[in-house]
Every structure is written in structure tokens, then in C-alpha cells.
Amino acid sequence: MLTLKLPDGATREAPEGALPRDIVASIGPRLLQAAIAVQVDGEIIDLNTPLRKGGAFRVLTEKDPESLAVLRHSGAHILATAVRRLRPDAKIGFGPAIDDGFYYDFEVTQPFTPEDLEKFEAEMKKVIAEKYPFVREEVSQHEARKRFSDDPLKLERLSEFPEGEIISTYTDGPFIDLCKGPHVPDTSYLKNFKLLHTAGAYWRGDERRQMLQRIYATAFFKKEDLEAHLHQLEEAKRRDHRVLAQQLDLYSTSPLVGPGLILWHPRGSIIRNEIEEYEKALILRHGYDLVFTPHIVNEKLFQVSGHLENFKENMFGAMDVEGAAYRPKPMNCPGHICIYQSHQRSYRDLPIRYAEFGAVYRYERSGVLHGMMRVRGFTQDDAHIFCTPEQVPSEIERLLDLCDEMLKTFGYPYSIELATRPDKALGSPEVWKQAEQTLADVLTKRGQEFTYDVGGGAFYGPKLDFKLIDAIGRKWQGPTVQLDFNLPERFGLEYTGADNHPHRPIMLHRVLVGSMERFVGGLIEHFAGAFPLWLAPEQVRVIPIADEVKPFAQSVAERLKARGLRVHLDDRSDTLNYKIREGEMLKIPYMAVVGKREAEADSIALRVRGAGKKQEVITVADFAARLEDELATRALKP
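So, here is what we can say about the structure in this document.

Definitions and cut-offs
Residues numbered from 1 in each chain as written. Predicted model: local features only at pLDDT ≥ 70, side-chain atom pairs only at ≥ 80, totals over all residues. Heavy atoms only, no water. 1 Å grid on protein atoms, 1.4 Å probe; cavity = no way out; pocket = protein on both sides within 12 Å on 5 of 7 lines; lining within 4 Å. Points joined across faces, edges and corners; volume = space filled by probe spheres on them. Helix = DSSP H or I, 4+ residues; strand = E, 2+ residues; numbered from the N terminus. Nonpolar A, V, L, I, M, F, W, Y, C, P; charged D, E, K, R; others polar. Salt bridge = Lys/Arg side-chain N within 4 Å of Asp/Glu carboxyl O. Buried < 20%, exposed > 50% of the residue type's maximum accessible area, 1.4 Å probe, protein only. Pairing = 2+ DSSP bridges. Axes fitted to C-alpha atoms, helices over the stretch in contact; angles between N-to-C directions. Contact = heavy atoms within 4.5 Å. Core = buried A, V, L, I, M, F, W, Y, C linked by side-chain atoms within 4.5 Å.

## Details of the layout of surface pockets
Phase 1 of the analysis: Considered as a void within the structure, the second largest pocket measures approximately 1100 Å³ in volume.
Phase 2 of the analysis: Forming the walls of the second largest pocket are 40 residues, and the residues nearest its centre are Phe311, Met331, Arg362, Lys463 and Arg518.
Phase 3 of the analysis: With five residues, the single largest contributor to the lining of the second largest pocket is strand S28 (residues 506-515).
Phase 4 of the analysis: For the lining of the second largest pocket, the residue count by class is 13 nonpolar, 14 polar and 13 charged.

What follows is the structure, given as C-alpha cells:
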């Protein structure tokens, strides 16, 4: 018999193999009607999967966030059902739920078209109306091969199942799929969905394998949630950093340089430099020392650090240098460790805080490269803190303050996730548990809300991930704080304690912007290219409306430049409307239009970005003071 503990503390006894739906029915018929799936001992299973273990038992309804993935996974099966009805020749791959929807992969001779998607969506509505139950069966390897004899992709997956693996299938109407589940009770649960677009995807993510057609879609329990998400997608298209960066002339890539390698243009370099200069002043104020480490190093360093063992698939290959193997560095931490090792350290020296804007290189498959967001070479604002065990809580506190100050400057709200031990990890589970508890205790004491990302830690230690929330509600990876007991052990780091004996320091890793490329790409989309004054590549454009006032316009530009502002004088012979339209396209915060009256009064007719055709007459002195105040406070809006 299995013992199931309900959320209210009550228990239920059930024989092994009992169906969750029967347990839910015993709790109450209305609950069964609302149930989407159940969670047993942390694992989500559907109502028709036999129970094989006891533990905490929770019924999931559409109010529970976990239920959305169940609905979306079922949506992928309904999509495949519709595709196979209309395209019986389509070979089926996989159809998982993802963060914002689901997809399904198909092998077809001709790529899908937008017209195909319309037909598939209409057919899905028929499948939904037919209210097919999701029927789960457990079958033998022989029976599974028989059922999927015409689907080579499924047969390949079956060949990888170990002896004794439970093989389950799910059938909805005419469609059968090899699947572990979970699923909603029947197809009618998918009421609010939308097919979004198609894309090519290599089978198993391997570019040496065949190209499949992937159909992306999304689904929600509520119509208003679907509509809000579709609106967000449209807004995301408008804010696409790749399109805006071209319009604003910020960066480019070149096939001669290679994919995933960013060429920063002058206007983009201004944004990057402003961020670096701000962060440099910030971290120096917070007690850091700046260091620099080489771009390539002997791979023996990565053998000691564990990167070759745990991170090799993300590293570029070795190059021969006089018989020794060297690699581009994927991370800066081993180099900072070597700087620490260059001297004997005392407890009086700690904490030591090293910071670097270091270029790192990681191998990413060409299919996942995406503008500035996913690249092969990037600058990481790494820092590493070496401290005593007693100093760890206070150093984490300092890091939380630092991250909070930085994110407020850029106008980002955020949430925090505590990422725990992954499957591939250095060190003992006991050490990991201690490190995870240390991070949790600091957050709890601080009153900081957080959630757990189970298995999401780095291979050398748990971490706090800051998730930035942008202007349209999307989450981006932001700062991280990582607590590392393992690398100091692997490198044999020491400091002399007050007892005159050697001790092992603790190491904290942190980034603020993380990848500079990804951070700037995110900023472009967050601000829709309309950067606050302190970041704007061009802060003011001075526009004379006649030749006779060009000398005055020149003097305005020079006076503003003398105060450190980035100013451009547009004295071309083009029309005023053309010049203003170009300034609006470049999203310049301020345009100072000058005519005869303005020249006589030492003033400008000011056009503020986002204010339409409205103009404000202001003296040059008052305008300069206004700009200086905005820059001093790093105001987010003009």
C-alpha cells in the first residue's frame, strides 16, 4: 500500500497501481471535475498514470502554474493529430511544452507555409470539438516498435530505451504518440491557443542530422491571457533589437568575421562604454580591484578548474602552441584564481575582490545564435571574491546591495531564483547543501522573496539568478551570485589564519550585466531603442532653419559639447521636416530647432522625444542645466 499525504495533513492509503483520478474522486467529485493533473512526491503525473510511489499528494487545477505545461504538452499532441490528418506522410518527432508555449517537430518533404498553419489550426479546432480522451497505455518494446513502424524518428528513440524502461503511449482519436505524459483528460481542454510560426530544426539538435519542420504555438487556460501574450509578441517584434540596431546603426555581423561575433559600431560603442564607465565607478566604490587576464590560456588550467570535464562541449577546440594545447577562455574565474595564487595571503588581506571586463569565447551551435542575445564571443563583467567562511554572509549581502543598485539605475524590476545542484557537479552533496542553505539564509534574513531553480546551479556551486523584467513583462537573465566551495579546493587555495595555520578561502563569483552583448541587446528592446539621455549615442541634435542662423546654431552645439554632451549640428540644406523625421528615426532624446527669434533671445525651440510636434521655447543656459541634471541623476526619461 502507498501512503499519500494531502496538503491539509490528512492521508490516503492506496494500492500500488491505483489511478490518481480515483484518489481525487475520493476527496470530492467537484475537485475531480476541476483537476488537470496531480503532483506526487514532487513529480507531476496525469490522472490516468498508475501510482508507483507515495508521498505528498497535491491536486493541480488550472489555477496552479504547473498545470499550464500539462495543457501545452497536450496541445502539442493535438497539433500533431491535426497535421497527420492533413499530411499523413509527416514523420513525427517530439512535441514538448516550453516556457511560453509548445512546439512539435515533423519530417516532411516540403516546408510548411503560413497557409498550412491556417489549415492546421482549423483542423485542431475540430480535434478539440471531438473531445477525444488522452488514453495512456504501457506497452512492450516489441509492441511499441510495431505501433511506430512507419515513424523512423520514434524508432530511433525507442532503440535508446534501457532494459526495463516503462514505455508508454498516448492516443487521442486517430493519433498515437510515444510519450511519458502528463496530459489533460481530453482534447476539449485546449480552448485558447494559437499557432505562431514555423522554423527549421535539426533532429536531436545535431546539425549533422536531417532538418525537420518545427511548428511553434502557445496556449492558455484563459482567453484574456492568450490575447495579452499575443499582444506581447507583437510588441516584441516592434522592439526586436536586430531590427532596431540596424535602424540606429549600433552593430553588425560579417560572414568574413564569423557568425555570433559582434562588430560594435561607433554609436553602439558609446552605449557600451557608458555602461562600462558607470559600472567601473560603481564597483570601485564597492571595494573592487580591476584586473585583466589573457584571452587564450593553457588548457591545463581548465583541467584543474574542471571546465574540460564539465563544460567542454561549450568550449572552442585546442590550438597547438609549441607542443602545448591552448584554448580561448570560456570564463575568467581560473585566471583570477591564478592572480590570487601569485602571493601568500593572510586573513588580514581578505576579502579580496577582483573584477574584470573580460572577453570570453563559448561554442554555440549556429542554429541557436540570435543577434546579440546568443553569441560566440562576448565581454563578461566578471568578479570573484575570496573571503573567509565567516565573511560569506556579509559578502553576499554586499552583492545583493550592489545588484539592486545597478538594476534600479537601468529601471529593471527583478525576481531572484536560487539555483541548486545540477546532475553534473563538483564536490559532495553535503557541501552543496551547506552552500545552498547559506544563500537561502541570507535571502530570508533580508526579507527577500525568492524561488528555487532545482538543478540549475553551475557545476562548481549554487547561485542566485536575478531575472530582469523588461518593459513588456518578459524575463531576462541578469546578475548572478555564485557560492563556490569547490574551485578553492581544486586549486589548493590558502590563506594564513589568525592561528598562523593555513585555511581554505571561500570563493564568490558574480556578474552584473553578465554578457555585455546580451545586456545591450536586452536594453535595446527594453527601451525600444529610445535610450535615456545618459546612454543615448546622440543626445542632442541642433537644427537651424535658415542659413543666416547657422553661426548661432554652431555656437549652441559648441556650448553644449563643452559641457560634455554628445551633440550633432545638422546644417544640411534638406527641409526641416526631413531633418526632424530623421532625428525621430534615430530616437534622439532632444532636437533643438533654432530660427531668427531663438538666435536673438539666445534660446531654442525644443522638441522632446515622444512629445510629438509639441515645442518648448527655452534658453540655452536653462536647457544645458536641465541636461546636466538628467545626466547627474541618470534619469530614465527626458
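## Here we look at the pattern of salt bridges
Phase 1 of the analysis: Overall, the coordinates contain 55 salt bridges when judged by the stated rule.
Phase 2 of the analysis: Between Glu123 and Lys126 there is a salt bridge, with the nearest N and O atoms lying 3.7 Å from each other. Within this pair, Glu123 and its partner Lys126 are both found in helix H4 (residues 114-129), separated by three residues, close to a single helical turn.
Phase 3 of the analysis: A relative accessible area of 10% places Glu123 in the buried class.
Phase 4 of the analysis: The class for Lys126 is partly exposed, based on a relative accessible area of 48%.
Phase 5 of the analysis: Arg147 is the salt-bridge partner of Glu143, the closest N and O atoms lying 2.8 Å from each other. Here Glu143 pairs with Arg147, and both are found in helix H5 (residues 141-147), just four residues apart, close to one helical turn.

## Section: the sheet that holds strand S2 (residues 11-14)
Phase 1 of the analysis: Within the open sheet, the five strands sit side by side as S2-S1-S5-S3-S4. Their pairing is mixed. Every interior strand has two partners, whereas the edge strands, S2 and strand S4 (43-45), have only one. Each neighbouring strand pair of the sheet contributes to a mean axis angle of 30°, computed without reference to strand direction.
Phase 2 of the analysis: In terms of strand pairing, strand S3 (residues 37-40) meets strand S5 (residues 55-60) through four bridges, oriented antiparallel. By the bridge assignment, Val38 is partnered in S5 with Val59.
Phase 3 of the analysis: Sheet contacts for helix H1 (residues 20-27): strand S1 (2-5), S2, S3, S4 and S5; angle to S5, the most-contacted strand, approximately 75°.

## Topic: unusual backbone geometry
Phase 1 of the analysis: A cis geometry characterises the amide bond from Gly181 onward to Pro182, with omega recorded as 0°.
Phase 2 of the analysis: Residue position: Pro182 is located in the loop between strand S11 (175-178) and strand S12 (192-202).
Phase 3 of the analysis: Each neighbour pair has its own omega, and for Leu350 with Pro351 the value is 5°, a cis peptide bond.
Phase 4 of the analysis: Secondary-structure assignment places Pro351 in the loop between helix H12 (333-341) and strand S20 (352-361).
Phase 5 of the analysis: Positive phi is not limited to glycine here, since Asp41 has a value of about 50°.
Phase 6 of the analysis: Along the chain, the position of Asp41 falls in the loop between S3 and S4.
Phase 7 of the analysis: Its identity as a non-glycine residue notwithstanding, Arg634 has a phi of 50°, on the positive side.

## Topic: the environment of Pro255
Phase 1 of the analysis: Inspection of the secondary structure puts Pro255 in the loop between strand S14 (251-252) and strand S15 (263-264).
Phase 2 of the analysis: Accessibility expressed as a relative area gives 82% for Pro255, which makes it exposed.
Phase 3 of the analysis: The spacing of Pro255 and Arg365 is 110 residues in sequence and 15 Å in space, taken between C-alpha atoms.

## Things to note about the nonpolar core
Phase 1 of the analysis: Membership of the largest hydrophobic core comes to 60 residues, with the highest contact counts inside it found for Ile275, Met406, Phe410, Phe519, Leu523 and Phe531.
Phase 2 of the analysis: The dominant element in this core, judged by the number of residues it contributes, is helix H13 (residues 392-409), at eight residues.
Phase 3 of the analysis: Sequence-distant contacts of Phe519, that is, excluding residues within four places in its chain, are made with Ile275, Met406, Phe410, Tyr412, Leu468 and Val513.
Phase 4 of the analysis: In this structure, Val70, Ala80, Val127 and Phe134 belong to the second largest nonpolar core, which totals 34 residues.

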